[in-house]
Every structure is written in structure tokens, then in C-alpha cells.
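Coordinate analysis (summary)
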Amino acid sequence: MILFQSTSDLRSYISEQKAKNLRIGFVPTMGALHAGHLSLIKIARQKCDLVVCSIFVNPTQFNVASDLETYPRPLSNDIRLLSEGFCDVLFNPSVDEVYGNDFTKDSSDDYGSFIHLLEGASRPGHFDGVITVVKKLFLLVQPDEVFFGQKDYQQCLVIQTLIERNFPFINFNLCPIARENNGLAMSSRNVRLSKEEFELASDLFKNLTHILTNWKENAWLDALLEARTFLSKKPFELEYLEVCDQFTLEPLKAFKPNAIALVAVQLGKTRLIDNLLLKPTL
Ligand code: PAF
């Protein structure tokens, strides 16, 4: 695996690969890699000639300073995992290399009303920071295919909108959520959970599954209310649990066959999100 820290070195390397007509797959990350990230690398490996991963803890998308400061950064372990996972290129720039002195953020305000719901409401300015950095990374890496995890479902909608508007030649891949044996969605922030919290956190997936099991016109609303009641009790602090349209993220007022349940809770010091696509079972 080749490691680049400078944007100009990466730019010249990418130009050489483009000249060879290689299909470039890109997996942007903030590091602290786990099996979920490695599954994205694996899917990219199957579809592309050259797999590029970035590790960059992007300061402009954090709206809580302590979250940025304590974000895990186990770089040497990440490098080992990526090499073993057959990643070709790692881009690991400094903040200065990406932003210089200019931390101006792009605005996601006109991306549609979905931008202000759920994560947009809980983390003001977060998606502005995401599109700012992802745009810079796409311009540098010039990928043909990009791979994002469904765990950050709303982020996936944001990136799809960015692609439609600015990078129509990039193919977006929505990749399944990787889960622990107890159902907890894998996340870099899970290392902050105590052993007890790790077990309790499986209740998120259990409650999403409860909604899916009752995904019928006459049962879904009761199941949603039951799940909300469950996750509103200590030790959870429920931020939201909604059943929404898959594209607009507007909370459903009436049943429709395809939707998505999305949840965010605070558990101790850790904020957890998860989601489950809802469709009728046969
Ligand atoms: O999902 C993430 O890890 C980040 O939001 C991303 C897409 C790498 C942008 O910093």
C-alpha cells in the first residue's frame, strides 16, 4: 500500500493512474477503522482496479469540541488493517494540507428540507463540514466509484445530492451496515462504550427490529411508540426515533410499504445512531 500525506503527491499519482484508464474506487473515512470500513474496501476491491482510502478527522464537521478532541486516532493499527485488506493507496493528510488557512464551509442549506431533519437538527453545521471535505477529496482522488456505509444514512443522501450536482460521473455505492454479534452497528465511537454499555447498546437494533417485525399497516405505529418508550428510559437519552420516507426523511403520517426507521441516542458519554430499511416481509 502506498501512503500519501501531501495533496500534490497524491494529485500527480492519480493523474498517472487515470492515464492508464484504471477504475478508481474511493472509501473516505475518519480512521479508527473496524470491520464495517473493511467491508467497504472489500466491495471497492471487487468493483475497481485501484482502491484509495482516506483517513482524515475533519474538524469542520464536529459541532462539539470534545468529540473532535477525543475522536480515536489509532493510525498504525489502521495502516495495518488497510494493508491486510488489500487497499492500494492511503491518503492521510494533515489539517493544514487540506484546509490551509481557509476553513470556509460550503453550505448544504439548499440541498432540500431533509438536510435540516434528524442529524441536521441535532448537529447544526455538521453536513456543511461533510460536504466541504468530501468535495475537496473527490476533486483530488477523482474516483469513478465511491463507497459509503448505510449507518450514516442521512449522510449518504447528502453525498448523493452532492454527486448529482457536482460530480455526475461518480457512481455512488450504498453499503450494508456491519454489526457486532449482539446487533450493535459498528462505529469508531463504540470504543468509548464500557462493557456494560456495549451490551445495553444492542437495544437499539432490537427496537429497530421490533418495528420491522411489525411493519404492517395496522401494527407499525404501536411498535414505533413501544420502541420510543423503551429507548426513552435510562440509561438511554433518546434524541430521535422516527419512521421516515426513504428519500425525503419526512416522518411518515401514514403507512407506505418502503420506509426507514432511524434512531439516535446518547448512552453515557457516547452518541449512537442506527437505522433499518423497512419493507414488507413475505
Ligand atoms: O463518514 C465519515 O467518516 C465522514 O463523515 C467522511 C465521509 C469521511 C467525511 O469526513
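Residues numbered from 1 in each chain as written. Predicted model: local features only at pLDDT ≥ 70, side-chain atom pairs only at ≥ 80, totals over all residues. Heavy atoms only, no water.

**Considering the overall build of the chain**
Across its full length, the chain carries eleven helices and nine strands. Here the chain has a C-alpha radius of gyration of 19 Å; the compact-globule value for 282 residues is 19 Å, and the two agree. If you line up the chain on its principal axes, its C-alpha atoms span 60 × 40 × 35 Å. Looking at the chain as a whole, 52% of its 282 residues qualify as buried. In the chain, 72% of the contacts between residues at least 6 apart in sequence involve partners at least 24 apart. When the accessible surface of the chain is split by element, carbon and sulfur atoms take 54% of a total near 13400 Å². Of the side chains in the chain, 29 bear a positive and 34 a negative charge, and the two mean positions are spaced by 3 Å. (Helix = DSSP H or I, 4+ residues; strand = E, 2+ residues; numbered from the N terminus. Rg over C-alpha atoms; globule rule 2.2 N^0.38 Å. Buried < 20%, exposed > 50% of the residue type's maximum accessible area, 1.4 Å probe, protein only. Contact = heavy atoms within 4.5 Å. Areas by Shrake-Rupley, 256 points an atom, 1.4 Å probe, with all protein chains shown as cover. Lys, Arg positive; Asp, Glu negative; His and termini not counted. Charge placed at Lys NZ, Arg CZ, Asp CG, Glu CD.)

**A short note on the packing of aromatic side chains**
Going through the model one piece at a time under the given rule, you end up with ten aromatic pairs. Judged by centre distance (5.6 Å) and plane angle (80°), the ring pair of F62 and Y71 falls under edge-to-face. Each member of the aromatic cluster is reached from another via a ring pair, and the members are F26, F138, F167 and F169. Above the ring of Y111, the side-chain terminus of R165 is found at 4.8 Å from the ring centroid. (Phe/Tyr/Trp six-rings, centres within 6.5 Å; stacked < 30°, edge-to-face > 60°. Lys NZ or Arg CZ within 6 Å of the ring centre and 35° of its normal.)

**Let's talk about the site of the ligand**
P28, T29, M30, N58, Q61, V133, V134, F148 and Q155 make up every residue found near the ligand. In this structure, an oxygen atom belonging to the ligand sits 2.6 Å away from a side-chain N or O atom of Q61. A distance of 2.7 Å separates an oxygen atom of the ligand from a polar atom in the side chain of Q155. Calculation on the ligand without its partners gives an accessible area of 290 Å², and the protein chains cover 89% of this total. Among the secondary structure elements, those contributing two or more residues to the shell around the ligand are β2 (24-29) and α7 (126-141). Classifying every residue of the shell around the ligand by side-chain character gives five nonpolar, four polar and no charged. (Near = heavy atom within 4 Å. Polar contact = N/O pair within 3.5 Å; in protein donor to acceptor, adjacent residues only side chain to side chain. Nonpolar A, V, L, I, M, F, W, Y, C, P; charged D, E, K, R; others polar.)

**A few points about the packing of helix α10 (residues 202-213) against helix α11 (residues 220-231)**
Taken N-terminus to C-terminus, the directions of α10 and α11 make an angle of 165°; their axes are 8 Å apart at the nearest point. In terms of orientation, α10 lies roughly antiparallel with respect to α11. The hand of the α10/α11 crossing is right-handed. Along its contact with α10, which presents D203, L204, N207, H210 and I211, the element α11 presents A223, L224, E226, A227, F230 and L231. Partitioned by chemical class, the residues of the contact of α10 with α11 number seven nonpolar, two polar and two charged. (Axes fitted to C-alpha atoms, helices over the stretch in contact; angles between N-to-C directions. Parallel < 35°, antiparallel > 145°, perpendicular 65-115°, else oblique. Left-handed = near helix turned anticlockwise from the far one by under 90°.)

**Points about the packing of α7 against helix α8 (residues 153-166)**
For the pair α7 and α8, the least separation of the axes is 11 Å and the interaxial angle reads 50°. Classified by the angle their axes make, α7 and α8 are oblique. You can see that α7 and α8 cross each other, and the crossing is right-handed. Residues F127, V130, I131, V134, K135 and F138 of α7 touch α8, and the partners they reach there are Q154, Q155, V158, I159, L162, I163 and N166. Of the residues that constitute the contact of α7 with α8, the class distribution is nine nonpolar, three polar and one charged.

**Topic: the environment of L157**
Mapping L157 onto the fold places it in helix α8. Relative accessible area serves as the criterion here: at 9%, L157 is assigned to the buried category. Ignoring any residue separated from it by four or fewer positions in sequence, one finds L157 in contact with F114, Q246, F247 and L249.

**Observations concerning the sheet that holds strand β7 (residues 236-244)**
With antiparallel pairing, the three strands of this open sheet are ordered in space as β7-β8-β9. The open sheet has two free edges, formed respectively by β7 and β9 (270-278), since each of these has just one partner strand. Neighbour-to-neighbour, the strand axes of the sheet open up by a mean angle of 10°, direction not taken into account. Its contacts with the sheet place α10 against β7, β8 (259-267) and β9, and it is angled at close to 20° to β9. (Pairing = 2+ DSSP bridges.)

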